[in-house]
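Structural overview
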Amino acid sequence: MPRPELSLNFNPQSPFPVLFKEMRGFLGGVVAGTLSSIVAFGSYKILFGEDKPDLGQQDTGDKQVSPFHRDVLKYGSPDQGPSVRYYGNHVLSYNQAHKIPNWVIEKISAENTKGKANRKNVKFKPDPGVEELFTASNSDYLGSGWSRGHMAPAGDNKHDEQHMAETFYLSNILPQNLDNNAGFWNRFEIYCRKLTEKYPNVRIYSGPLFIAKRNEEDGKKYVKYEVIGQNEVAVPTHLFKIVIVENAKNNPVAMGTFIVPNEPISFQHHLKEFQVPLMDLERRAGARFLPKMNVNHVQDLCQVETCDLMKKTEFDLYFIGRRINNATNLNQLQKAWNELSQKSLEPDEYIKRKYKEKYDELSKKEGG
DNA sequence: CGGTCACGAGAT
DNA sequence: ATCTCGTGACCG
């Protein structure tokens with residue numbers, strides 16, 4: 001399926017300076033743009049310091065609340081629920097109107113990705129911590145044409161079944177294109193997990209975006225998004241991810257920010273195509289994601305690392321390897337093995353060995 | 001790894 | 001009769 005619009009539909013009049021189109025043609029520009037934003041932001045912090053008055057705190061800080069204000073709020077301030085929600089291995093902000101998260105943060109290490117917690121033992125379900133009035137339900141998603149996409153992935157919680165179960169709460173889920181979810185986004189998540197082999201800590205911020213698109217009829221820009229099910233769960237136009245890798249001293253080494261359309265993305269596309277300066281994401285999301293991070297000396301992730309996701313053959317072999325490993329009878333094992341020739345793939349040594357082991361094990365069981 | 005869907009048993 | 005739940009087949 002072709003992707004009609006790769007760009008975010010920026011145009012020359014756009015207030016946003018960075019264009020995907022430009023970024024693709026302007027190879028060094030990606031890096032330069034990212035770094036200059038980082039440097040600019042860093043300088044800002046240095047020049048003005050952390051003590052600069054924070055407008056975001058005017059309602060909680062030293063400002064006097066007058067009797068007048070108290071009276072205006074006689075029946076209480078509108079309650080949009082907890083601004084931050086805490087789980088075993090992730091933290092998120094939930095949007096009670098959209099019925100999806102605003103952002104989800106995780107910090108993962110190699111240990112998180114190893115373990116026997118299995119997603120087959122866990123079910124998607126409404127977050128018991130979210131008021132029923134504001135929660136999505138499985139029935140909103142089923143038959144909608146959209147899949148239930150994790151923000152904090154199940155695969156980042158192999159070490160703890162309870163933590164994994166919490167990622168299946170619908171507070172951590174949003175409507176995601178199935179192809180995107182199982183394909184490009186999946187490979188992106190696998191790439192993030194792979195980074196834990198090299199860096200002790202990998203921090204990942206994920207969430208939805210609702211990005212405007214220009215209407216050809218009147219030349220105006222509109223945000224258009226579907227809502228699904230009785231609860232009218234909002235379908236984001238794009239997904240974002242910030243990836244930060246840290247060294248053994250727990251200092252940030254490199255960072256990358258990405259905005260990916262919520263649609264199928266073929267193997268031809270490289271993750272770098274979706275990289276944007278952090279501030280572009282922040283402007284769209286309406287949030288400063290790293291207000292306390294010292295961004296000095298933080299490098300571009302795609303320069304320090306490759307940002308190469310799995311290629312198609314590697315990805316296919318990966319599935320087949322898992323299917324061989326998980327086969328519970330000879331029929332399944334043989335089907336998985338046959339996929340190799342169907343897809344003209346050469347089994348690597350690991351797969352050959354696993355196949356033999358499984359074959360012996362299962363034929364002993366079934367043979368008698 | 002990421003998912004959906006079909007189907008039958010059991011409860012309502 | 002209809003819904004919920006667990007299981008297993010299937011797909012990228």
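Predicted model, so just to flag it, every value in this text is computed and none were measured.

1. Some points on the protein's contact with DNA strand C
Inspection of the region around DNA strand C gives Lys123, Ala182, Asn186, Phe319, Arg323, Gln332 and Lys335 as its neighbouring residues. Looking at DNA strand C alone, sugar and phosphate atoms form 39% of those within 4 Å of the protein. Ala182 has a polar backbone atom sitting 3.0 Å from a base nitrogen of DNA strand C. Listing elements by their share of the surface near DNA strand C, those giving two or more residues are helix H10 (312-326) and helix H11 (330-342). In terms of residue class, the surface near DNA strand C is made up of two nonpolar, two polar and three charged.

2. Observations regarding the UniProt feature "domain: ENPP1-3/EXOG-like endonuclease/phosphodiesterase" (unreviewed entry) in chain A
On the UniProt side, "domain: ENPP1-3/EXOG-like endonuclease/phosphodiesterase" (unreviewed entry) is annotated at positions that read residues 87-296 here. Annotation note: span residues 87-296, helix share 17%, strand share 28%, distance between end C-alpha atoms 30 Å.

3. A short note on the protein's contact with DNA strand B
Lining the immediate environment of DNA strand B, one finds 20 residues, of which Arg119, His150, Gly155, Lys158 and Asn186 sit closest. Considering the 4 Å shell around the protein, atoms of DNA strand B inside it are sugar or phosphate in 79% of instances. At a separation of 2.5 Å, a phosphate oxygen of DNA strand B approaches a polar side-chain atom of Arg119. Separating a phosphate oxygen of DNA strand B from a side-chain N or O atom of Lys158 is a distance of 2.8 Å. Here the element with the most residues in the surface near DNA strand B is strand S4 (residues 147-150); it accounts for four residues.

4. Some details on the nonpolar core
Soluble globular proteins: nonpolar side chains tend toward being buried together. Counting 48 residues, the largest nonpolar core has Tyr141, Leu195, Val202, Val243, Val245, Phe258 and Leu301 as the members making the most contacts within it. Broken down by secondary-structure element, the contributors of at least two residues to this core are strand S2 (91-95), strand S3 (100-108), strand S5 (173-176), helix H7 (184-195), strand S6 (201-209), strand S11 (238-246), strand S12 (252-261) and helix H9 (301-304). Among the elements that take part in this core, H7 stands out by supplying six residues, more than any other. Residues contacting Val243, with those up to four places away along its chain left out, are Phe188, Cys192, Leu195, Val202, Arg203, Ala254, Met255, Gly256, Phe258 and Leu301. Of all hydrophobic cores here, the second largest spans 17 residues; its members include Tyr205, Ile211, Met293 and Val298.

5. Focus on a nonpolar patch on the surface
Side chains of Phe68, Val72 and Leu73 sit close together on the surface and give an oily, nonpolar patch of about 320 Å² of accessible area. Inspection of the secondary structure puts Val72 in helix H3 (residues 67-72).

6. Remarks on the UniProt feature "binding site: Mg(2+)" (unreviewed entry) in chain A
Under the local residue numbering, the UniProt record ascribes the feature "binding site: Mg(2+)" (unreviewed entry) to Asn181. Relative to the assigned elements, Asn181 resides in helix H6 (residues 178-182). Given the relative accessible area of 16%, Asn181 is considered buried.

7. Notes on the pattern of salt bridges
Pairing is possible between side chains that carry opposite charge, provided their charged atoms lie close to one another. Counted under the stated rule, the structure contains 13 salt bridges. When the shortest N-O distance is used, the salt bridge between Asp280 and Arg283 registers 3.1 Å. With Asp280 and Arg283 both in helix H8 (residues 278-285) and three residues apart, this pair spans about one turn of that helix. For the salt bridge of Glu357 with Arg353, the shortest nitrogen-to-oxygen distance reads 3.5 Å. One end of the pair, Glu357, and the other, Arg353, are both in helix H12 (residues 349-367), four residues apart, so they sit about a helical turn from each other. Each of Arg323, Glu339 and Lys343 takes part in salt bridges that share partners, so that together they form one network.

8. Considerations on the state of the cysteines
Within the structure shown, the criterion is met by one disulfide. Across the disulfide from Cys302 sits Cys307; the S-S distance is 2.1 Å. Between Cys302 and Cys307 the disulfide shows an S-S torsion of about -80°. By sign, it is left-handed. Free cysteine: Cys192, not disulfide-bonded; nearest cysteine sulfur from Cys307 at 8.9 Å. The class of Cys192 is buried, set by a relative accessible area of 1%.

9. A few points about the pairing of S3
Where S2 and S3 come together, five bridges link them in antiparallel fashion. Of the residues in S3, the one forming a bridge with Ser93 is Trp103. Linking S2 back to S3 in an antiparallel pair, the connection comprises four residues, with Lys99 at a positive phi of about 65°.

Cut-offs applied
- Residues numbered from 1 in each chain as written.
- Chains lettered and ligands numbered in written order.
- Predicted model: local features only at pLDDT ≥ 70, side-chain atom pairs only at ≥ 80, totals over all residues.
- Heavy atoms only, no water.
- Near = heavy atom within 4 Å.
- Polar contact = N/O pair within 3.5 Å; in protein donor to acceptor, adjacent residues only side chain to side chain.
- Helix = DSSP H or I, 4+ residues; strand = E, 2+ residues; numbered from the N terminus.
- Nonpolar A, V, L, I, M, F, W, Y, C, P; charged D, E, K, R; others polar.
- UniProt positions renumbered as here; feature names shortened; annotations may be inferred.
- Core = buried A, V, L, I, M, F, W, Y, C linked by side-chain atoms within 4.5 Å.
- Buried < 20%, exposed > 50% of the residue type's maximum accessible area, 1.4 Å probe, protein only.
- Contact = heavy atoms within 4.5 Å.
- Patch = residues over 30% accessible without salt bridge, like charges linked within 9 Å, V, L, I, M, F, W, Y side chains within 5 Å.
- Areas by Shrake-Rupley, 256 points an atom, 1.4 Å probe, with all protein chains shown as cover.
- Salt bridge = Lys/Arg side-chain N within 4 Å of Asp/Glu carboxyl O.
- Disulfide = S-S within 2.5 Å.
- Pairing = 2+ DSSP bridges.

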